[in-house]
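# Overview (structure and organization)
The residues making up each chain are set out below.
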Amino acid sequence: MAEAIYTMGVDIGSTASKSIILKDGKEIISSSCIDVGAGTSGPSRTIKETLESANLTREDISYVMATGYGRTSLEEADFQMSELSCHAKGAYFLFPNVRTIIDIGGQDAKALKNWRQWYA
């Protein structure tokens with residue numbers, strides 16, 4: 001049997017830092033939310049908490065994707081993607097029939113409509 005592939009997503013917002021570890025791109029292994037965002041210890045704390053909860057190390061993670069307001073500040077990230085693209089991909093993965101996405105963040109609000117054509 002093939003060895004599992006673990007990936008991590010880190011969302012560094014203006015007011016909170018979140019992270020998640022997926023096994024084989026589908027199963028949530030661990031997640032964390034720290035109520036402090038970019039420019040603070042929040043990103044490193046959420047990464048540490050998520051790895052510890054999953055009983056994994058950074059070396060066990062195949063790649064790390066960073067998103068959010070502070071995505072460019074995460075040196076551990078292998079990739080970066082805007083939060084709007086992440087919202088669209090995640091919504092399509094979880095709820096393929098959804099037509100509108102609204103993100104109410106710490107500093108602003110964003111809405112996506114008719115985005116499905118990008119990921120269908």
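Residues numbered from 1 in each chain as written. Predicted model: local features only at pLDDT ≥ 70, side-chain atom pairs only at ≥ 80, totals over all residues. Heavy atoms only, no water.

So, about the UniProt feature "domain: ATPase BadF/BadG/BcrA/BcrD type" (unreviewed entry) in the protein. Under the local residue numbering, the UniProt record ascribes the feature "domain: ATPase BadF/BadG/BcrA/BcrD type" (unreviewed entry) to residues 9-112. A distance of 21 Å separates the end C-alpha atoms of residues 9-112, which is 24% helix and 36% strand. (UniProt positions renumbered as here; feature names shortened; annotations may be inferred. Helix = DSSP H or I, 4+ residues; strand = E, 2+ residues; numbered from the N terminus.)

Here we come to the sheet that holds strand β5 (residues 79-80). Taken in spatial order, the 5 strands line up as β3-β2-β1-β4-β5 in an open sheet, and their pairing is mixed. Unpaired on one side and paired on the other, β3 (27-34) and β5 mark the two borders of the sheet. (Pairing = 2+ DSSP bridges.)

A full pass over the atoms with the stated rule returns 7 salt bridges. With a closest N to O distance of 3.6 Å, D11 and K18 form a salt bridge. Residue classification places K18 among the partly exposed residues on the basis of a relative accessible area of 28%. Note that D103 and K110 form a salt bridge whose closest N and O atoms lie 3.3 Å from each other. Looking at D103, the relative accessible area reads 16%, which means it is buried. (Salt bridge = Lys/Arg side-chain N within 4 Å of Asp/Glu carboxyl O. Buried < 20%, exposed > 50% of the residue type's maximum accessible area, 1.4 Å probe, protein only.)

Along its sequence, the protein is carved into domain 1 (1-81) and domain 2 (82-119). Relative to domain 2, the C-alpha centre of domain 1 lies at a distance of 20 Å. Taken together, the contact pairs 9 residues of domain 1 with 8 residues of domain 2. Both sides of the domain 1 and domain 2 interface together cover about 660 Å² of buried area, and 62% of this is carbon and sulfur. (Domains from an automatic or database assignment. Contact = heavy atoms within 4.5 Å. Buried area = accessible area lost by both parts, 1.4 Å probe.)

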